[in-house]
Amino acid sequence: MTIVLAIAGTLLIGAAIITTYRLLAGPSSLDRLVAMDTILAVSICSLALWAVYSLDTTIVPAIVALSLVSFVGSVSVARFRVRDE
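Residues numbered from 1 in each chain as written. Predicted model: local features only at pLDDT ≥ 70, side-chain atom pairs only at ≥ 80, totals over all residues. Heavy atoms only, no water.

Novice: Can you lay out the overall build of the protein chain for me, pointing to particular residues and giving the numbers?
Specialist: What the protein chain contains, in helices and strands, is three helices and zero strands. At 15 Å, the protein chain has a C-alpha radius of gyration far larger than the 12 Å of a compact globule built from 85 residues. In terms of overall dimensions, the protein chain has a C-alpha envelope of 50 × 25 × 10 Å along the principal axes. For the protein chain, buried positions account for 19% of its 85 residues. Contacts in the protein chain between residues far apart in sequence, at least 24 positions, make up 51% of those at least 6 positions apart. Accessible area for the protein chain stands at about 6,300 Å²; split by element, carbon and sulfur atoms hold 75% of it. Of the charged side chains in the protein chain, 5 are positive and 5 negative, and the gap between their average positions amounts to 8 Å. (Helix = DSSP H or I, 4+ residues; strand = E, 2+ residues; numbered from the N terminus. Rg over C-alpha atoms; globule rule 2.2 N^0.38 Å. Buried < 20%, exposed > 50% of the residue type's maximum accessible area, 1.4 Å probe, protein only. Contact = heavy atoms within 4.5 Å. Areas by Shrake-Rupley, 256 points an atom, 1.4 Å probe, with all protein chains shown as cover. Lys, Arg positive; Asp, Glu negative; His and termini not counted. Charge placed at Lys NZ, Arg CZ, Asp CG, Glu CD.)

Novice: I'd like a description of unusual backbone geometry, backed by residues and values.
Specialist: Phi is positive for L55, close to 55 degrees, though the residue is something other than glycine. Among the secondary structure elements, L55 is positioned in the loop between α2 (29–54) and α3 (60–79).

Have a look at this one:
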């Protein structure tokens, strides 16, 4: 089980690095918005992976709160986004 968790952690770190590059080099604000949403999703998955590894369920409310903030933030920014020139 530890090997599976290590592989999942490595893949999450790789996804975070690739997404950070897209966040910094994105040609438009919509690309940056999607990258930020993806980084938040990777963070949520990382917290869930830590909860599985440590067998600690007290982190679950933080995961739920972070997912709600991520959803509301993405929807509000996408709704009021100004077109790039």
